[in-house]
Amino acid sequence: MKILWSLLVLILSTPTFASLKVVTTTPDLAWAVKQIGGEEVSVESLLRGTEDPHYVDAVPSFIVKVRSADLLCAVGLELEAGWLPKVRGRAGVLDSPYCEFGSSIDALEKHEGPVDRSMGDVHSSGNPHFHLSPSYLAQGAEAALVELKKLTPEKSAYYDKRYKDFVERMNTFEDEIFQKLEAINKRPFLQYHQEFTYFFKSYGFKSAGSLENIPGVSPSASRLAQLSLKLKDQNVALVLAAQHAPLATLERFQSLSDISFLRVPLGMVEGKHETYFDLQNELASEILKHAK
Amino acid sequence: MKRGFSFFLIFLLVPFSLQAQLLSQLELSLAGDLVYNQGLNKNSEADESLSMRSVEFGVSAPIDHQFSGYVSFASHENEGAEAVEVHEAYIHNAKLIPNTEFKIGQYFLGVGRLNRFHRHEWSFTRAPKSHRDFFDEEAVFDTGIETRTLLSAKHFVELTLGVTSGYKYGHSDAHEHEEEEVDHSGEKPHAPTHYMRLSQFIEDSNSATSGMEWGLSYLGRTDAEGEKLHLAGFDFVKKERVGRKLAWLIQSELWFKSLKHSDGDKEEQLGGYFMLEKGHSAHWGTGLRLDGLMDLSHGHSGEDEDSVYYGVTLQQTYRSSEFFSTRLSAAHEFQRMEGSTRDQDTRLMAQLIFVMGAHPAHDF
């Protein structure tokens, strides 16, 4: 009997590592939350990094994952507007712990005044593609920090310390990449869609605008022709585009303007990037290689 | 006078501010579906007119901390006159019962594939012959309760169960009702409409937003005159999405229908369709749909041989954005019976769909 009691006491006194289950929409956010939460959180991303986060269906597996999460984190700034509200509604978690990284950043390209669909895929509260900038991603992660502290206040000091370290590491890393890219960032760069605005800002790139005339709308043949003429003498280094940007359009513009293009992942890809730093290093080296 | 004017202003402004506050909490959307049918042979039943097939106005919002609500009104053209009806009006809950969501009210019954979606969300313009015969030109809706339970979180297996009043079967308005099976008598049935669907979603290994879903459905009902309806079906959809482009869409349904009349006679039919669409870009997609419907009850109809309907549709879709698309289709349907071809219907269809207001949900 004594042995049984001893076992029971031992079991009850053994520290349990019951972690918070956090679900994020993209792998970048998942990685950032893990940096703050450490061993106190288990994190899973709904997307794998190969998708365009705007054009996603509310698939049944998302509903299952979101339903069992202690905390759901999204990019926000209306990026997931087409599917996440549906997923949250069907999962019955509309009033459950939720954070948007976008709410913590000083967003670029905010629109003053009324916004309607004639303006294309315009996000009134600002450009949501901030996750390609280490410093902006770190800023955004503060939204997750706030929610984690609410859920487990006793771990607040632990989260605070890890968040502070995380911000420092991200800023230091951004400086390192900035120095790497300094060799080329004086030349203007063009982007297909406004997905590199924060990236350009973080690394001091001069922007030559975007290939799309209306955000989210494929550029017309006349737009490509006009832009190629306009940029003819501006020594544009490269057109940066997401992996899923239309190849035919980019090739057409390249043939018209003689400006080469580079399609890159817009975020961490599961199975390819272990850390966010891997993604940034890949982007920097690819840009350096192609901009020369 | 000034005081009176102030009161007048307050009188005017308070309702407006309350109205604005209310509107800011509602998700409002409006979808239009404009269709033109052109018959290409003398037997074609195409109406050869341009008509707004439906305009649907939807409102959704949380009701309280547990329930949300959805109401949609649709206006259909019916032989030149506009008929307005409530399409759906239900409350939804996904909190009270673990792993289960339910809705109570009027809604499209959660069986098969097409019946669960509004017609303007379909991947083609006109319903296959089997859907028109077994369900309706659009879908069967009714008033009742439907639950959806997750049976396996690991394998994403869901079970949908529902029971509705069964007073009517089909669509409440009479637009385009060619099929006599659609019942609008509105009398108390012997057995209410009851149905179930067991479905599984299988994730794609490369992309979380690509995958496939299959489902097995059953629907039964005994109407006021004692006619027993049984429907059993299989539905399948596979989507492969690359960025904004829906690279491949495969969608199919196969249904078996048994209708036993009160005098003991029995009708049995087997029908379905198979649809394949290839996306060329984020905007363009080409699709092919094959339909079939076989009457297995020639004894009842007094005909010597089973009749078989065939249909083939070729379509080209242009999606300007998530909110606007156009589709041009060429369809040919015919019936084969006793060695001859009957009821040939060849038509061209042009469709234009637009959505205004709240961002439409991207359903799988």
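Residues numbered from 1 in each chain as written. Chains lettered and ligands numbered in written order. Predicted model: local features only at pLDDT ≥ 70, side-chain atom pairs only at ≥ 80, totals over all residues. Heavy atoms only, no water.

(A) Structural detail: the overall build of chain B. Broken down by element type, chain B carries three helices and 16 strands. In chain B, buried positions account for 47% of the 364 residues. Partitioning the intrachain contacts of chain B with sequence separation of at least 6 by distance along the chain shows that 56% fall at a separation of at least 24. Accessible area of chain B: about 17,000 Å², with a carbon and sulfur share of 60%. (Helix = DSSP H or I, 4+ residues; strand = E, 2+ residues; numbered from the N terminus. Buried < 20%, exposed > 50% of the residue type's maximum accessible area, 1.4 Å probe, protein only. Contact = heavy atoms within 4.5 Å. Areas by Shrake-Rupley, 256 points an atom, 1.4 Å probe, with all protein chains shown as cover.)

(B) Quick look at the sheet that holds strand β6 (residues 206-210) of chain A. All names here are of chain A. Read from one edge to the other, the open sheet built from four strands follows the order β6-β5-β7-β8, with strand pairing classed as parallel. Looking at which strands have only one partner, the edges of the open sheet turn out to be β6 and β8 (261-264). Taking the axes of each pair of neighbouring strands and ignoring which way they run, one obtains an average angle of 30 degrees across the sheet. Here strand β5 (residues 188-191) runs beside strand β7 (residues 238-242); their pairing, made up of three bridges, is parallel. Bridging across to β7, Leu190 finds its partner in Val239. In the packing of helix α10 (residues 247-257) onto the sheet, the strands contacted are β5, β7 and β8, and the crossing angle to β8 comes to about 160 degrees. (Pairing = 2+ DSSP bridges. Axes fitted to C-alpha atoms, helices over the stretch in contact; angles between N-to-C directions.)

(C) The arrangement of the confidence of the model for chain A in detail. Per-residue confidence for chain A gives a mean pLDDT of 91, with 93% of residues at or over 70. Between residues 10-16 of chain A, whose pLDDT stays under 50, and residues either more than four places distant or in other chains, the model counts zero contacts. (pLDDT = per-residue confidence, 0-100.)

(D) The arrangement of the state of the cysteines in detail. Residues and elements named next belong to chain A. All chains considered together, the criterion is met by one disulfide over all chains. Two residues, Cys73 and Cys99, share a disulfide whose sulfurs are 2.2 Å apart. The sign of the S-S torsion, about 115 degrees, decides the handedness of the disulfide formed by Cys73 and Cys99: right-handed. A residue pair is termed long-range when its members are at least 10 positions apart, and Cys73 in strand β3 (residues 71-74) and Cys99 in strand β4 (residues 98-100) qualify at 26 residues. The same class applies to Cys73 as to Cys99, namely buried. (Disulfide = S-S within 2.5 Å.)

(E) Fine view of the pattern of salt bridges. Residues and elements named next belong to chain B. Overall, the coordinates contain 30 salt bridges over all chains when judged by the stated rule. Residues Asp235 and Arg197 are paired through a salt bridge, measuring 2.8 Å at the closest nitrogen-oxygen approach. Of this pair, Asp235 sits in strand β10 (residues 228-242) while Arg197 sits in strand β8 (residues 191-203), placing them 38 residues apart in sequence. Of the residues examined, Asp235 reaches a relative accessible area of 1% and is grouped as buried. On the basis of relative accessibility, which here comes to 2%, the residue Arg197 falls in the buried class. For the salt bridge of Glu277 with Arg319, the shortest nitrogen-to-oxygen distance reads 3.0 Å. Of the two residues, Glu277 sits in strand β12 (residues 266-279) while Arg319 sits in strand β14 (residues 308-321), which places them 42 residues apart along the sequence. Overall, the relative accessible area of 1% leaves Glu277 in the buried class. (Salt bridge = Lys/Arg side-chain N within 4 Å of Asp/Glu carboxyl O.)

(F) Structural context of the pairing of β8 of chain B. Residues and elements named next belong to chain B. Pairing between strand β7 (residues 157-164) and β8: eight bridges, direction antiparallel. In the strand pairing of β8, Leu161 is matched with Met196. Sheet analysis places β8 next to strand β9 (residues 211-222), joined by 11 bridges and oriented antiparallel. Its bridge partner lying in β9, Tyr195 is registered against Leu219.

(G) Quick look at helix α9 (residues 221-230) of chain A. All names here are of chain A. Every buried residue of α9 is listed here: Arg223, Leu224, Leu227 and Ser228. Viewed end-on, α9 has its buried residues packed into an arc of 130 degrees, placing them on one side of the element. Residues of α9 that are exposed and angled more than 90 degrees away from the buried face: Ala221, Gln226, Leu229 and Lys230. Tucked into the core, α9 has its buried residues touching β5, β6 and α10. (Arc of directions from axis to C-beta.)

(H) Structural detail: the packing of aromatic side chains. Applying the stated rule across the entire model yields 26 aromatic pairs over all chains. Between the aromatic rings of Trp31 of chain A and Tyr276 of chain A, the centroid separation amounts to 5.6 Å while the plane-to-plane angle is 25 degrees, which identifies the pairing as stacked. Note that Trp31 of chain A is positioned in helix α2 (residues 27-37) and Tyr276 of chain A in helix α11 (residues 276-291), a separation of 245 residues in sequence. The residues Trp31 of chain A and Tyr276 of chain A share a single accessibility class, namely buried. When the ring of Phe201 of chain B is compared with that of Phe364 of chain B, the centres are 5.1 Å apart and the planes differ by 80 degrees; the resulting orientation is edge-to-face. You can see Phe201 of chain B sitting in strand β8 and its partner Phe364 of chain B sitting in the segment after β16 (340-357), a full 163 residues away along the chain. You'll find Phe201 of chain B and Phe364 of chain B in the same group, each marked buried. Grouping aromatic residues by their ring pairs yields a cluster made of Phe189, Phe196, Phe199, Phe200, Tyr203 and Phe205 of chain A. If you follow Arg117 of chain A out to its NZ or CZ, it ends over the ring of Phe323 of chain B, 3.7 Å from the centre. A cation sits over an aromatic face here: Lys103 of chain B above Tyr90 of chain B, 4.7 Å from the ring centre. (Phe/Tyr/Trp six-rings, centres within 6.5 Å; stacked < 30°, edge-to-face > 60°. Lys NZ or Arg CZ within 6 Å of the ring centre and 35° of its normal.)

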